[in-house]
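Now for the letters of each chain:
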Amino acid sequence: MVNASAASLRFAAASFADESGRTTDSVLLYHLAGEYDAVVAIVSRAISEAISLEIGEDPMRLMPVKPRAPGANGEADGQQGTSLSLAAVDDPIELAKTMMRIAIKNLVEAGQWAQCLDKIRGLEILPLDAGGEASTIRAYASKFSALSQPVSINVPNLLMWTIICCVRQREQLTNGQFSGNEGTRRMMVDQLKQMTLDLTTYTSQLRYRFPPHLHEALARASAE
């Protein structure tokens, strides 16, 4: 739990950053203060301002966060890498995606497997709805090189979180933790298995982009 005095200081700093036009700073500080409604409001405002530009106008750019030095307060609070992942973000859309990934991590830690998969699906980075279609998986793999650097460096984490969610959700369903009928349960289990197989195909097409432990985790998940 965020210390009350630290949260208060972060809230004040976040408000000042927002008033000063430092959107990315204010989003990070509000997140660290646990003010998630404020995070959503500011990110939504930034996206709204970005899409309101006339066609042909220069795209809206934000002032990115200055990376913290190792051992700074944020890392001590268990937020290691958060500011670094935002350090190069000056695009409102990428900021929204980055904050969603942080929310996804929180859902994984809370064991909210189904909700987490829904959030990951919404990012449209991984082929979770490919349903075994090779052309769809190839299309997702081809998009990888076009991802911005702050997004692409987090894809391995996103993959691992997805694997964990697929495996844990399947375990819950096969252990009888489902109130629906047997046909629906079986369909959901099959969908989760297919997601794992599609992710295996996806990573095989980008084999040298991901660390070996990811391929091993997918192999284990597919074999179960």
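Residues numbered from 1 in each chain as written. Predicted model: local features only at pLDDT ≥ 70, side-chain atom pairs only at ≥ 80, totals over all residues. Heavy atoms only, no water.

### What to know about the overall build of the protein
Across its full length, the protein holds twelve helices and zero strands. Traced from its N-terminal end to its C-terminal end, the protein shows the element sequence α-α-α-α-α-α-α-α-α-α-α-α. Residue burial in the protein is summarised as follows: out of 224 residues, 39% are buried. Within the protein, residue pairs in contact and separated by at least 24 positions form 58% of the contacts whose partners lie at least 6 positions apart. (Helix = DSSP H or I, 4+ residues; strand = E, 2+ residues; numbered from the N terminus. Buried < 20%, exposed > 50% of the residue type's maximum accessible area, 1.4 Å probe, protein only. Contact = heavy atoms within 4.5 Å.)

### Topic: the packing of helix 8 (residues 134-143) against helix 11 (residues 182-205)
Where helix 8 meets helix 11, the closest approach of the two axes is 9 Å, and the angle between their N-to-C directions is 45°. When the interaxial angle is binned, helix 8 and helix 11 end up oblique. Like other packed secondary-structure pairs, helix 8 and helix 11 cross with a definite hand, here right-handed. Every residue of helix 11 that contacts helix 8 at Ile137, Arg138, Tyr140 and Ala141 is listed here: Asp198, Thr201, Tyr202 and Gln205. (Axes fitted to C-alpha atoms, helices over the stretch in contact; angles between N-to-C directions. Parallel < 35°, antiparallel > 145°, perpendicular 65-115°, else oblique. Left-handed = near helix turned anticlockwise from the far one by under 90°.)

### Points about the side chain of His215
With respect to the secondary-structure elements, His215 resides in helix 12 (residues 212-223). Here Arg207 takes part through its backbone oxygen, which lies 3.1 Å from a polar atom of the side chain of His215. The residues touching His215, leaving out its near neighbours within four places in the chain, are Thr203, Arg207 and Phe210. (Polar contact = N/O pair within 3.5 Å; in protein donor to acceptor, adjacent residues only side chain to side chain.)

### Some points on the nonpolar core
Residues Ile104, Leu126, Val155, Leu158, Leu159, Tyr202 and Phe210 are the most contacted members of the largest nonpolar core, which totals 37 residues. Taken together, the elements giving at least two residues each to this core come down to helix 6 (92-109), helix 7 (113-123), helix 8, helix 10 (155-174), helix 11 and helix 12. Examining the composition of this core, we find that nine residues originate from one element, helix 10, more than from any other. Apart from residues lying up to four places away in sequence, Leu158 is in contact with Arg101, Ile104, Ile120, Leu123, Ile125 and Leu126. Counting residues in hydrophobic clusters, the runner-up holds ten residues, among them Ala14, Tyr30, Val39 and Val43. (Core = buried A, V, L, I, M, F, W, Y, C linked by side-chain atoms within 4.5 Å.)

### Points about the packing of aromatic side chains
For the structure on display, the rule yields three aromatic pairs. When the centroid spacing of 5.5 Å and the interplanar angle of 75° are considered together, the rings of Phe11 and Tyr30 count as edge-to-face. Highlighted residues: Phe11 in helix 1 (residues 4-19) and Tyr30 in helix 2 (residues 23-32), separated in sequence by 19 residues. Assessed through its relative accessible area of 38%, Phe11 is described here as partly exposed. (Phe/Tyr/Trp six-rings, centres within 6.5 Å; stacked < 30°, edge-to-face > 60°.)

### What to know about the side chain of Gln169
Checked against the element boundaries, Gln169 lands in helix 10. The class for Gln169 is buried, based on a relative accessible area of 11%.

### Some remarks on the pattern of salt bridges
Applying the stated criterion across every chain yields a total of five salt bridges. Between Asp129 and Arg121 there is a salt bridge, and its shortest N-O distance comes to 2.9 Å. Note that Arg185 is salt-bridged to Glu182, the shortest N-O span being 2.5 Å. In this pair, Arg185 and Glu182 both sit in helix 11, three residues apart, roughly one turn of the helix. For Arg185, a relative accessible area of 13% corresponds to the buried category. (Salt bridge = Lys/Arg side-chain N within 4 Å of Asp/Glu carboxyl O.)

### Re the environment of Lys119
Along the chain, the position of Lys119 falls in helix 7. Between the alpha carbons of Lys119 and Met100 there is a distance of 7.6 Å; along the sequence they are 19 residues apart. Aside from chain neighbours lying at most four places away, what touches Lys119 is Met100, Ile104 and Leu107.

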